[in-house]
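Each chain, written out:
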Amino acid sequence: MPPSMRSMWLRIRSLFTRREIDRDLDDELSFHLAQRTDKNRAAGMDATEARHVAHRQLGNANYVKERTREVRILTSIENAWRDVRFGARMLLKEPGFTFIVILTLALGIGANTAIFSIINGFMLRPLPIADPHSMVYLAFPHDSVHFDHDFSYSELSDLRAQTSDLFTGVAGVIYGSFAGYADQGDGSDGLTFENHTEPVQTCFVTGNFFELLGIAPAHGRLILPSEGKSADSDPVVVISDRYWKTRFHADPNIVGKQAAINGHPVTIVGVTPEGFEGITPLLAMQAYLPLGMATLDSNGSTDFISNPKTRAVVALARWKDGMNSAKSQPALDIIGQRLFQQNARPEDASSSLRAMPLRAPGIVNPPGVLPKLASLFIILAGLVLLLACVNVANLLLVRATAREREIAVRSALGASRARLVRQLLTESLLLSFAGCFAGALIGLNIIRMISTVDFETDLPLLLSFPFDWHVFLYAASIALVTGLLVGLFPALRVSFRNLRDVLYSGGRGPTNRRQRLRSALVAVQVGGSLALLVVADRKSVV
């Protein structure tokens, strides 16, 4: 081990062997003191004088210990730990103040955590597929906002043939009860099993759909590449893991059993892996059938396969290694123009075919709606947290003002301004992280309540927002920023007070300047609260 790493390791280890190091220091100082005493006695001094002279020669023992600790121990970590322990003791001495501050921060951080958790579930969490960053869907843009992502079956075949140099494969998807054919207004079908029918959200896919996404079956098999090439063929169905558990009670013998969808017999051939709910984070797909079985939703019509103007297929693709949007766009422009020439599209649609990233929240038209809505809610939640910070900053300012004499005495005893600011910041960070922990619990309970809300619909809404590392990192970040925000100003304000004025103030009340500052903070709280109430009232009216 290099000497520098060995030295660092010994200093880190010394943090956990403090008592042993102190004993060694005492023994070492006693040894040197005895050596000097013996040397002085050998020079003709008596025992008492020799010991006094040895003490003077050795110097201040406590100073020597501190300098030795600085060499042997990571003093920054040790001092930080001392600040934490002292700050915790000071906060425990004022339980009422500590409880109010933690509760205030917990409400603000809890609201932020809950909203961010929902946004993370819809927009930030990657889709549960292999290498999701290489997946795209194809579309014709109408303008900078809207696009047309529906293709006919013949166009899907052309895309497969003409994009073999760009993609490893192109898969087609038709969502159950697609527009133009469905009688069900909610987009769901009915699955009958053992004479009992329940709604089921269906999805009709080409045979390479699961292979392209990198999905392996949990039980049985998935849709085969040879299935679904012709209308009303291959009456098989693959069910999702969640649907298998809720509808069939995780029956291990479900594979091979007969069921019926919209009265048409089908065979259950497999179950998708746990966690795969399709490519739409909000709506869980429960049953997957071959694309040719889309006749179940078209009243037996095969028009969606034979008619090139009937567009209901979403085209998914995966980039080949080294391929991306910039490299592929010239080729996609040519392919788009060919498709336009073969089959007319709306006049406002562009002939420039685009490969758009397939990421959460899935295929949403227009794609900018959810990001804007998420930004709005994050801003509102941030305002709530800001008001909580102003409230806590006011409380900390009052508390710091009450501790001015204590801080002045510590400064007179030798504590530096940086040391005092660090101690006060440590206390505010302790409060913010305690509020973060309580806020995370509040946010978690809010998410659980949202997940259990009955929206009075048969659609399988997927309201699952787990606290993953995105949420924990977000909560920890806002706790750190909150602690610095609410603690820095009071700490700097108190530490820069004139030492002589504080010690000789004799407990006088707050000055007009400080009173004006607190009044300003209260005014900000009231104004911000009224603004939030106005916004909430406007949203409820809309």
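Residues numbered from 1 in each chain as written. Predicted model: local features only at pLDDT ≥ 70, side-chain atom pairs only at ≥ 80, totals over all residues. Heavy atoms only, no water.

Regarding the packing of aromatic side chains
- Evaluation of the coordinates by the stated rule reveals twelve aromatic pairs.
- Aromatic side chains Phe-140 and Phe-151 sit 5.9 Å apart centroid to centroid with 45° between the ring planes, which places their arrangement in the tilted category. With Phe-140 in strand β1 (residues 135-141) and Phe-151 in strand β3 (residues 150-151), this pair connects stretches of sequence that are eleven residues apart.
- Look at Phe-140 and you get buried, because its relative accessible area is 0%. (Phe/Tyr/Trp six-rings, centres within 6.5 Å; stacked < 30°, edge-to-face > 60°. Helix = DSSP H or I, 4+ residues; strand = E, 2+ residues; numbered from the N terminus. Buried < 20%, exposed > 50% of the residue type's maximum accessible area, 1.4 Å probe, protein only.)

Overview of the pairing of β1
- Burial within β1 is extensive, with seven of its seven residues counted as buried.
- Alternating positions in β1 separate into two faces, Met-135, Tyr-137, Ala-139 and Pro-141 on one and Val-136, Leu-138 and Phe-140 on the other, with burial throughout.

Some points on helix α7 (residues 153-162)
- When we look at burial in α7, the residues that qualify are Tyr-153, Glu-155, Leu-156 and Leu-159. Buried residues along α7 cover an arc of 155° about the axis, so they all sit on one side. (Arc of directions from axis to C-beta.)

Side note on the packing of helix α6 (residues 95-124) against helix α14 (residues 417-451)
- Across the interface, α6 lies against α14 with an axial gap of 6 Å and an inter-helix angle of 45°. Regarding the angle of α6 to α14, the classification is oblique. Note on packing geometry: the crossing formed by α6 with α14 is right-handed. Residues Phe-97, Thr-98, Val-101, Ile-102, Leu-105, Ala-106, Leu-107, Ile-109, Gly-110, Ala-114, Ser-117 and Ile-118 of α6 form the contact with α14, whose own contacting residues are Leu-431, Ser-432, Ala-434, Gly-435, Cys-436, Ala-438, Gly-439, Ile-442, Gly-443, Ile-446, Ile-447 and Ile-450.
- Tallied by class, the residues present in the contact of α6 with α14 amount to 17 nonpolar, seven polar and no charged. (Axes fitted to C-alpha atoms, helices over the stretch in contact; angles between N-to-C directions. Parallel < 35°, antiparallel > 145°, perpendicular 65-115°, else oblique. Left-handed = near helix turned anticlockwise from the far one by under 90°. Contact = heavy atoms within 4.5 Å. Nonpolar A, V, L, I, M, F, W, Y, C, P; charged D, E, K, R; others polar.)

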